[in-house]
Amino acid sequence: VSVQTSMRGEVWLVIVLILLTGSWTLRVDAAKRAAPRKRELLAEHGPVSESTEESGLLLPTVTAATLYEKSRQWHQEGARIKGTGLRPVLGYVTPWHPAGYEFSVLFRAKLTHVSPVWYQLRRAKVDSSKEWVLVGGHEYNETWINSVRQPGGMQESCVAVEEVAEASCSATNAEVTTRVVPRVVVEVDEAQDHLDLVQSPEAAIEAIVKEVESRDYDGIVLEVWMTWAFMNGISNDAFRAAAFAFIQRLSSSLRALQPSGTGGSRQLILAVPPVVPSAPSRPRIDPAHMDQLAAFVDAWSVMTYDYSVGSGPQPNAPLPWLESNIALLQKEMSKSRPDQTLMGLNFYGYDYGQRVPAAITADAYLQILSKHQPTLEWREEHGEHSFQYSVGNKQHTVYFPSPLSIQQRLKMFGENGFGVSIWELGQGLERWFDLL
């Protein structure tokens, strides 16, 4: 009896194993049938006759395949036409993303200003004292600067009418000659150094002005306000008064120089935090301070991006946040012109898959699209695309600019009379320049 019972048990065990194996096989087969089939994607690069509107890239339902295959194209006439009127468009270029140098030349008709991120203002010990030194001049590239300044395009009205006179086109070309305004970031850690800078600025100003004149730059972008805000300098009446006096002296010294090679006075642009920060603990700039300095600052490069840094997966610059910044600027500024304010536009995104989100640029983005071919989701409330993909058992969420998200922001800025500052050109894709 015990043998028969054992045999029956073995038989039932075999039957159960067969049923389980069959069930698992069916589930695997069903999963394979349900999973979208990935096809080989082929990216096309270069000028094409198809416009961005015709390409399908501006659809909320744009696919990973369309983005991968068409984002490195640009309209064959687009590089020659400045489509944003006379609104300022500033594009930053960094040595660590060299594609920006190529884009700034190819699409120079779209850009009123280009800012190579070259210079750092530091303090160096000389004997027993400290001196201000400007470093970064080794990055200077005269050939590239001359190429950027070459008239590269025409206003849309000039190319749209066949019978327009050649002289008119030439005059319009001259209007869109791009200005080169390298960024100078103040790199000192001690609060005392910042206090010395604003209280005794002569040597620092001399170093900057001398470099601008010798290199024939059209001015500079100065980045220091964010640091002053973090160290509570702007909230201190005495420090703020000295800092504003420093800015006024620097601006006056630049304007006192002979006109640059492009024919205009040397400009001072300040890189500043937004007026409405993404969190109460983050720095902001008071519109009243912008008004106070309006006569000395040619433009404000406002950092309206990185909304989600330090938190979970969120959009990079949600539309409601941008709208709140624009609304406050319009409400509280009376002396600054709208076109003095260049609203920040990010050409990069974030991949949320690790404890700290990873910043990603165009190359990494395209690799993810090609390998995983995810389904993109248009988030209407934020005006941004996002998608998810998995590596092993780890799920990633990616927010990265799309042609539609860029178009909506440019439309918003333009309708309110504001300019644009792009961080940074080399992180983006060719198709995006068709939208400028």
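Look up a bit, the structure's there.
Residues numbered from 1 in each chain as written. Predicted model: local features only at pLDDT ≥ 70, side-chain atom pairs only at ≥ 80, totals over all residues. Heavy atoms only, no water.

**Some remarks on the packing of aromatic side chains**
Cut-off, in case you're wondering: Side-chain rings of Phe, Tyr and Trp (the six-membered ring for Trp) are treated as a pair once their centres are within 6.5 Å; stacked means planes under 30 degrees apart, edge-to-face means over 60, and tilted covers the remaining angles. Counting from the N terminus, the helices are DSSP H or I runs at least four residues long and the strands are E runs at least two residues long. The cut-offs for exposure are 20% and 50% of the maximum accessible area for each residue type, with area from a 1.4 Å probe on protein chains only; residues under the lower value are buried, those over the upper are exposed, and the others partly exposed. A positively charged side chain is recorded as over a ring if its NZ (Lys) or CZ (Arg) lies within 6 Å of the ring centre. The angle to the ring normal must also be within 35 degrees.
Scanning all chains against the criterion turns up 26 aromatic pairs. Geometrically, the ring pair formed by Y365 and F400 is stacked, given 4.0 Å between the ring centres and 15 degrees between the ring planes. Of the two residues, Y365 is situated in helix 14 (residues 362–372) and F400 in the loop between strand 18 (394–399) and helix 15 (403–415); the sequence distance between them amounts to 35 residues. Taken individually, Y365 and F400 each receive the classification buried, so the pair is uniform in this respect. Aromatic ring contacts, followed pair by pair, group W74, F103, F107, F347, Y365, F387, Y389, F400, W432 and F433 into a single cluster. Above the plane of the ring of Y140 lies R215, whose end atom (NZ or CZ) is 4.2 Å from the centre.

**Considerations on helix 11 (residues 237–255)**
Condition: Any helix carries an expected span of 1.5 Å times its number of residues minus one. Here, residues are in contact when the closest pair of their heavy atoms is within 4.5 Å. Whenever a nitrogen or oxygen atom comes within 3.5 Å of another N or O atom, the pair is scored as a polar contact, on the condition that within protein one atom can donate a hydrogen and the other can accept it, and that pairs from neighbouring residues in sequence are kept only if both atoms are in side chains.
The end-to-end C-alpha separation of helix 11 is 27 Å, in line with the 27 Å expected for 19 residues at 1.5 Å each. When we look at burial in helix 11, the residues that qualify are F239, R240, A242, A243, F244, F246, I247, L250, S251 and L254. The secondary structure elements touched by the buried residues of helix 11 are helix 8 (191–199), helix 9 (202–215), strand 10 (219–223), helix 10 (225–230), strand 11 (267–272) and helix 12 (287–292). In this structure N236 caps helix 11, since a side-chain oxygen of it lies 3.1 Å from the backbone nitrogen of A238.

**Considering the pattern of salt bridges**
Heads up, the condition is: Just to be clear on terms, a salt bridge is a Lys or Arg side-chain nitrogen sitting within 4 Å of an Asp or Glu carboxyl oxygen.
Per the stated rule, a full pass over the model turns up 20 salt bridges. Among the salt bridges present, the one from K130 reaches D193, with a minimum N-O distance of 3.4 Å. Linking K130 in strand 6 (residues 129–135) with D193 in helix 8, this pair joins segments that are 63 residues apart in sequence. Judged by relative accessible area, D193 falls into the buried class, the value being 6%. The salt bridge partner of D216 is R149, with a shortest N-O separation of 3.7 Å. Note that D216 is positioned in the loop between helix 9 and strand 10 and R149 in helix 5 (residues 142–149), a separation of 67 residues in sequence.

**A few points about the pairing of strand 19 (residues 419–423)**
For clarity, the threshold we go by: The pairing criterion is simple: DSSP has to find at least two bridges between the two strands.
Among the five residues in strand 19, five count as buried, and that is most of the element. Going residue by residue along strand 19, you find G419, S421 and W423 tucked away on one face and V420 and I422 tucked away on the opposite face as well. Pairing analysis gives three bridges linking strand 4 (residues 89–93) to strand 19, with the strands arranged parallel. Each residue of the ladder has a partner; that of V89, found in strand 19, is V420. Both strand 13 (residues 341–346) and strand 19 contribute to a ladder of five bridges, which runs parallel. By the bridge assignment for strand 19, M343 is matched with V420.

**Concerning empty space enclosed by the protein**
The condition is simple: Here the term cavity refers to a set of points on a 1 Å grid, laid over the protein atoms alone, in which a 1.4 Å probe fits but cannot get out; the term pocket refers to an open set having protein on both sides within 12 Å along at least five of seven lines, with lining residues being those that place an atom within 4 Å of a point. Grid points are joined across faces, edges and corners, and a volume is the space filled by probe spheres set on the points. Three classes are used: nonpolar for Ala, Val, Leu, Ile, Met, Phe, Trp, Tyr, Cys and Pro, charged for Asp, Glu, Lys and Arg, and polar for all others, with Gly counted as polar.
All told, the structure shown has two cavities of 30 Å³ or more when counted by the stated rule. Here the largest cavity is characterised by a volume of approximately 70 Å³. Around the largest cavity, the lining residues are N316, A317, L345, N346, E384, F400, P401, S405, I406 and R409. Contributing elements (two or more residues each) for the lining of the largest cavity: strand 13 and helix 15. Looking at the lining of the largest cavity element by element, the count peaks at three residues for helix 15. In terms of lining residues, the second largest cavity is bounded by Y119, L134, P182, V184, I208, E211, V212, Y217 and I220. The element best represented in the lining of the second largest cavity is helix 9, accounting for three residues. Split by residue class, the lining of the second largest cavity holds eight nonpolar, no polar and one charged.

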